[in-house]
2 protein chains.
Amino acid sequence: MITPILLCGGSGTRLWPLSRKRFPKQFAQIAGDSSLFQQSAQRFQAAAFADPIIVTGDMFRFIATRQLAEAGIAHAAVLIEPDARNTAPAILAGALHAAKSNPTALVLVAPSDHLVPDVEGFRAAVEMGRPAAEAGQIVTFGIRPERPETGYGYIKIRSFDDALGAALVDRFIEKPDVEVAEQISSDGEHLWNAGIFLFRVDILRDAFAHHAPEVLECTQGALDTAEEDLGFLRLGTEAWKTCPDVSIDYAIMERADNLCVVPYDGAWSDLGEWNSVWRELHPNADGNSTSGPVEAIDCSGSLLRSESEGQVLVGLGLKDIMAVAMPDAVLVAPRDRAQDVGKAVAALKKAEYPQATDFPRDNRPWGWFEALAHGSRFQVKRVYVHPGASLSLQSHHHRAEHWIVVEGTAKVTVDDEITLLSENESVYIPLGSVHRLENPGLLPLILIEVQTGSYLGEDDIVRYEDAYRRK
Amino acid sequence: MITPILLCGGSGTRLWPLSRKRFPKQFAQIAGDSSLFQQSAQRFQAAAFADPIIVTGDMFRFIATRQLAEAGIAHAAVLIEPDARNTAPAILAGALHAAKSNPTALVLVAPSDHLVPDVEGFRAAVEMGRPAAEAGQIVTFGIRPERPETGYGYIKIRSFDDALGAALVDRFIEKPDVEVAEQISSDGEHLWNAGIFLFRVDILRDAFAHHAPEVLECTQGALDTAEEDLGFLRLGTEAWKTCPDVSIDYAIMERADNLCVVPYDGAWSDLGEWNSVWRELHPNADGNSTSGPVEAIDCSGSLLRSESEGQVLVGLGLKDIMAVAMPDAVLVAPRDRAQDVGKAVAALKKAEYPQATDFPRDNRPWGWFEALAHGSRFQVKRVYVHPGASLSLQSHHHRAEHWIVVEGTAKVTVDDEITLLSENESVYIPLGSVHRLENPGLLPLILIEVQTGSYLGEDDIVRYEDAYRRK
């Protein structure tokens, strides 16, 4: 069995406003009805694969477990990086964790934010690489280029090794300029580097010991000092902090000599920027790729997305423009500026727009909330609580709250009193009272919360008990 | 004294999404902190002018009176057209109404959705025209062309008549094509037709009697059968329905021979489409005109507007693009397609998007409400009630309501009980109960309404009493 290691700690901004620091693209529904992370995890739901190991950040831990549960994936180890340190430490941590139960475990490392439409074809490619990996090779998967892409790194291959069932690697090539890309993308000797790797964990450990011993030392240290927390495995902060911020390509792949590559001919995209989303979402005859309530009139070559049912986006006479609309943020740019969206987000951040990093839906371990309206002394939120979930026992110094249940059943504690509320019932939480909201039911609970008071920040909270061990 | 007649019954869609059928551009804040209608009304707040006569539609009557009150204009006659019949009947109705108190009253007719930045200059031009109007001329005001505009009609002038203090009119010219516009816009003999007229009401009546007697007959009939309703004057529907749909230009101006024109050299715009808004709102050095929370990065020649404080609009690398963002609707187009926005709205209407006609803020005689959220069995609204205003005494068959006061004071009737609620207090309105909401205070009342039930349409309402005589 192969153990998948899924990396989902990144927080890219080039797909802003859909991808933001607090809710990055791997968790968003960009193509299809499930998130890229869910699609990635499901790709390895097959007899050949063991339960996955997820490596993610503290901010995303409950989003990841919730999305796994929704995707019907019951068992997964979730490792939490104290902070993001690039791919080398993350991959090694996952591999060393797999080694605990099987010192020669075969693992497949994959990003969780890429698009791989042909699941069967991809699994077949993994099987192609298995003999080489079992024989001690680090197997990468190289995508046959479809176009002179300048946004990807390339792998130059040498001869195909029949014994290995894979090609030998000549060298790795960083993102090329247009001229070089045009030259190498069609010569049959270069493949796109997809960042997908198959290897035995003992082989990877040896490679780190040889090529990057400092990374091995601190990652092993972080794993040795890891702590269980509500089923998550929190890597030790002290050791982790000493880890260099380094990519697996730089630390290992560009140095190791037991490296081979299995070519993959199927479709693949890293959905790295909106232009690739446009390309992968099958533009129509006019070259338009649309999603959500959109009217494209006399448009061509354009990406038009409205991410909200209640917001219609009208494109009129647009040519090669991308427009992405959300109720709190709208992006409009020519498609050929897609690479610069990250810079635009940096400008937004500098101008202190919360939309640069915050998502309208604020995910919490118990569910989520979103702001519906606010005034100088009031705020209205929609609050969603998962079945069985519970908010902390808490109080506020500056605000009172009205809760109106609109779907499901709520169990509400206010000081010494516990009540059950069903749809169309309400309760008042006076300022200063110690209260808790729970969903005792089997269906989601949705309530409307109206807060009134002189200060309405999220930080006006005193927590007495919390099922999720938050402070 | 000159009596201003302000026409504000139109419902143009070329400034969609800011201008919609239910809340058209004259009432929107497009330039400055007050609406175009308010700016138009204030233009005539001077010693030379009598109280204005407003001609508008039923749907806009309370918006108009509310905006007049906000602008500090206490006295105005408001005539309600049973339906829109173009400018000839509307102007004539206003003139005949003015004639009731003074059969030779001097009136100034002006659209309420144009931009006239130089108020003093405009008033001076009106004074220039006064002698001719008093002498029995129909005086129009012609704007000195700034550019070869194809969106306006032109007036060709003959010689200047010193005795009249105005130029004689050679003829009216419909919107020209580019070639003609280039030729005539700079020859000194052509002025833009701004649709502003100064005349004695007896002179206009004579002109209608001579050139369009059927319009005179039915307009006079509509005025004779008009009914007072809460201070509005509702023109008689039967007579009005027989009125031809005809413009004042076609009915009178192109036919009358007692016509002269006062040239006006000041700035003027009909703000007829987004391109003119871009032009009039003083583009910066890069040619960008922005309003609201907007980040324009590497943009030029673009119009970027976010109409909502909570919605940031990011333009990246745009050239000559217009983007207008609202939480429920976003428009993106090249500026040179501004003339086609009406067509886009027609397409939206055909596709049955409510945003084609409805505005997020639904104006009512007592204030307004806006939808904050909805689910299959619930709906959340923000409700704003003007000081002293009162909703109807009503009941619903399919929904219960929770009201939480977040600003001001509410007087609430539920069946036989009357309560006063202040900020942070709530009340429950059970399904079927007869209830009423009033604002007894001197400050605005804002409450959050949570509706729950199986049907939540606005038409589930039984009205028992209504201060605004609605059915």
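Residues numbered from 1 in each chain as written. Chains lettered and ligands numbered in written order. Predicted model: local features only at pLDDT ≥ 70, side-chain atom pairs only at ≥ 80, totals over all residues. Heavy atoms only, no water.

**Student:** Describe in detail the overall build of chain A, supporting the description with residues and values.
**Tutor:** Assigned secondary structure in chain A consists of 11 helices and 28 strands. Projected onto its principal axes, the C-alpha coordinates of chain A cover approximately 75 × 60 × 40 Å. Of all 471 residues assigned to chain A, the portion counted as buried reaches 60%. Sequence separation of 24 or more characterises 69% of the internal contacts of chain A that already satisfy a separation of 6 or more. Carbon and sulfur atoms provide 49% of the accessible area of chain A, an area that totals close to 18,900 Å². (Helix = DSSP H or I, 4+ residues; strand = E, 2+ residues; numbered from the N terminus. Buried < 20%, exposed > 50% of the residue type's maximum accessible area, 1.4 Å probe, protein only. Contact = heavy atoms within 4.5 Å. Areas by Shrake-Rupley, 256 points an atom, 1.4 Å probe, with all protein chains shown as cover.)

**Student:** Describe the UniProt feature "domain: MannoseP isomerase/GMP-like beta-helix" (unreviewed entry) in chain A, and please don't skip the residues or the numbers.
**Tutor:** Per the UniProt record, "domain: MannoseP isomerase/GMP-like beta-helix" (unreviewed entry) is found at residues 296-347 of chain A. In this annotation, residues 296-347 of chain A is assigned 13% helix and 44% strand; the end-to-end C-alpha distance for the span is 29 Å. (UniProt positions renumbered as here; feature names shortened; annotations may be inferred.)

**Student:** Explain the relation of the copies chain A and chain B to me, and be specific about the residues and the numbers.
**Tutor:** When chain A is fitted to chain B, the best match, at an RMSD of 0.0 Å, comes from turning it 180° and sliding it 0.0 Å along the axis. As the rotation angle and translation indicate, the two copies are arranged about a two-fold axis. Taking C-alpha positions as reference, the residue of chain A nearest the rotation axis is Pro327(A), located at 2.3 Å. Most of the interface of chain A is mirrored in chain B: 100% of its interface residues are interface residues there too. (Least-squares fit on C-alpha atoms with pLDDT ≥ 70 in both.)

**Student:** Help me get a handle on the pattern of salt bridges, residues and values and all.
**Tutor:** Residues and elements named next belong to chain A. Going through the model one piece at a time under the given rule, you end up with 64 salt bridges over all chains. A salt bridge links Glu 149 to Arg 279, with the shortest nitrogen-to-oxygen separation between them at 3.9 Å. Residue Glu 149 is found in the loop between strand 5 (138-143) and strand 6 (154-161), and its partner Arg 279 is found in helix 10 (residues 274-280); the two are separated by 130 residues along the sequence. Residue Glu 149 is classed as buried on the basis of its relative accessible area of 10%. (Salt bridge = Lys/Arg side-chain N within 4 Å of Asp/Glu carboxyl O.)

**Student:** Break down the interface of chain A and chain B for me, citing the residues and quoting the values.
**Tutor:** Each partner contributes residues to the interface: chain A has 58 residues there, and chain B has 58 residues. Between chain A and chain B, roughly 4,500 Å² of surface is buried when both sides are summed, and carbon and sulfur atoms account for 62% of that area. A salt bridge links Asp298(A) to Arg337(B), with the shortest nitrogen-to-oxygen separation between them at 2.6 Å. Summed over the shared surface of chain A and chain B, the number is 26 residue pairs in polar contact (both at pLDDT 80 or more). Take the side of chain A that touches chain B: its biggest share by element is 6 residues, from strand 17 (residues 329-334) of chain A. (Buried area = accessible area lost by both parts, 1.4 Å probe. Polar contact = N/O pair within 3.5 Å; in protein donor to acceptor, adjacent residues only side chain to side chain.)

**Student:** Break down the sheet that holds strand 12 (residues 289-291) of chain A for me, with residues and values.
**Tutor:** The pairing of strands in a sheet comes from backbone hydrogen bonds and takes either a parallel or an antiparallel form. Taken in spatial order, the 6 strands line up as 12(A)-14(A)-16(A)-17(A)-15(B)-13(B) in an open sheet, and their pairing is mixed. The open sheet is flanked by strand 12 of chain A together with strand 13 (294-297) of chain B, the only strands paired with a single partner. Between one strand axis and the next, the sheet turns by 5° as a mean value, whatever way the strands run. (Pairing = 2+ DSSP bridges. Axes fitted to C-alpha atoms, helices over the stretch in contact; angles between N-to-C directions.)

**Student:** So what about the domain arrangement of chain A? Which residues, and what values?
**Tutor:** Residues and elements named next belong to chain A. Partitioning chain A into domains gives domain 1 (2-264), domain 2 (274-350) and domain 3 (361-465). Once you take the C-alpha centre of each, domain 1 and domain 2 turn out to be 29 Å apart. Both sides together, the interface formed by domain 1 and domain 2 hides about 1,500 Å², and carbon and sulfur atoms give 62% of it. At the boundary of domain 1 with domain 2, the tally comes to 2 salt bridges. There are 4 residue pairs in polar contact (both at pLDDT 80 or more) connecting domain 1 and domain 2. A breakdown of the residues in the side of domain 1 that touches domain 2 according to their chemical character gives 7 nonpolar, 3 polar and 4 charged. (Domains from an automatic or database assignment. Nonpolar A, V, L, I, M, F, W, Y, C, P; charged D, E, K, R; others polar.)

**Student:** Tell me what's going on with the sheet that holds strand 19 (residues 367-374) of chain B, and back it up with residues and numbers.
**Tutor:** All names here are of chain B. Read across the sheet, 6 strands follow the order 18-19-20-27-22-25 without closing on themselves; strand pairing throughout is antiparallel. Each edge of the open sheet carries a strand with a single partner, namely strand 18 (361-364) and strand 25 (426-429). Taken pair by pair, the neighbouring strands of this sheet meet at an average axis angle of 25°, ignoring direction. Relative to strand 27 (residues 445-453), strand 22 (residues 399-407) is paired through 8 bridges, and the arrangement is antiparallel. Looking at strand 27, one finds that Ala 400 is bridged to Thr 452.

**Student:** Tell me what's going on with helix 2 (residues 61-70) of chain A, and back it up with residues and numbers.
**Tutor:** Residue and element names in this part refer to chain A. Within helix 2, burial applies to Arg 61, Phe 62, Ile 63, Ala 64, Gln 67 and Leu 68. Along its buried surface, helix 2 packs onto helix 1 (36-42), strand 2 (53-57), strand 3 (77-81), strand 10 (232-234) and strand 18 (361-364). Directly after helix 2, the chain includes Gly 72, whose backbone phi takes a positive value near 80°.

**Student:** Summarise the UniProt feature "domain: Mannose-6-phosphate isomerase type II C-terminal" (unreviewed entry) in chain A; cite the residues concerned and give the values.
**Tutor:** Using the residue numbers shown here, the UniProt feature "domain: Mannose-6-phosphate isomerase type II C-terminal" (unreviewed entry) corresponds to residues 363-466 of chain A. As annotated, residues 363-466 of chain A has a helix share of 0% and a strand share of 61%, and its two end C-alpha atoms lie 16 Å apart.

**Student:** How would you summarise the side chain of Lys381(B) if you had to cite specific residues and measurements?
**Tutor:** Residues and elements named next belong to chain B. Take Lys 381: it is sitting in strand 20 (residues 378-385). One polar contact links Lys 381 to Glu 458, side chain to side chain, over a distance of 2.3 Å. Apart from residues lying up to four places away in sequence, Lys 381 is in contact with Phe 369, Glu 370, Ala 371, Leu 372, Leu 447, Ile 448, Glu 449, Gln 451 and Glu 458.

**Student:** Describe the packing of aromatic side chains, and please don't skip the residues or the numbers.
**Tutor:** Scanning all chains against the criterion turns up 28 aromatic pairs over all chains. On the basis of an interplanar angle of 10° and a centroid distance of 5.0 Å, the ring pair of Trp368(A) and Tyr384(A) is categorised as stacked. In this pair, Trp368(A) sits in strand 19 (residues 367-374) while Tyr384(A) sits in strand 20 (residues 378-385), placing the two residues 16 residues apart along the sequence. Each member of the pair Trp368(A) and Tyr384(A) is classed as buried. An angle of 50° between the planes, with centres 5.7 Å apart, marks the rings of Phe27(B) and Phe60(B) as tilted. You can see Phe27(B) sitting in the loop between strand 1 (2-7) and helix 1 (36-42) and its partner Phe60(B) sitting in the loop between strand 2 (53-57) and helix 2 (61-70), a full 33 residues away along the chain. (Phe/Tyr/Trp six-rings, centres within 6.5 Å; stacked < 30°, edge-to-face > 60°.)

**Student:** Just give me the short version of helix 7 (residues 213-224) of chain A, but keep the residues and values in it.
**Tutor:** Residue and element names in this part refer to chain A. Taking 1.5 Å as the rise per residue, helix 7 with 12 residues should run 16 Å; its terminal C-alpha atoms sit 16 Å apart, in good agreement. Turning to helix 7, its buried residues number three or more, namely Val 215, Leu 216, Cys 218, Thr 219, Gly 221, Ala 222 and Leu 223. Among the structural elements, strand 3, helix 3 (87-101), helix 6 (201-211), strand 10 and helix 8 (237-241) are those in contact with the buried residues of helix 7. (Expected span 1.5 Å × (residues − 1).)

**Student:** Residue-level account of the side chain of Ser390(A), with values.
**Tutor:** Residues and elements named next belong to chain A. Looking at the element boundaries, Ser 390 is found in the loop between strand 20 and strand 21 (393-395). Of the residues examined, Ser 390 reaches a relative accessible area of 12% and is grouped as buried. One polar contact links Ser 390 to Arg 436, side chain to side chain, over a distance of 3.3 Å.

**Student:** Quick rundown of unusual backbone geometry? Include the residues and the values.
**Tutor:** In the segment running from Trp16(A) into Pro17(A), the intervening peptide bond is cis, with an omega of 5°. Its identity as a non-glycine residue notwithstanding, Asp320(B) has a phi of 55°, on the positive side. Examined against the element boundaries, Asp320(B) turns out to sit in the loop between strand 15 (312-316) and strand 16 (321-326). Judged by relative accessible area, which is 31%, Asp320(B) ranks as partly exposed.

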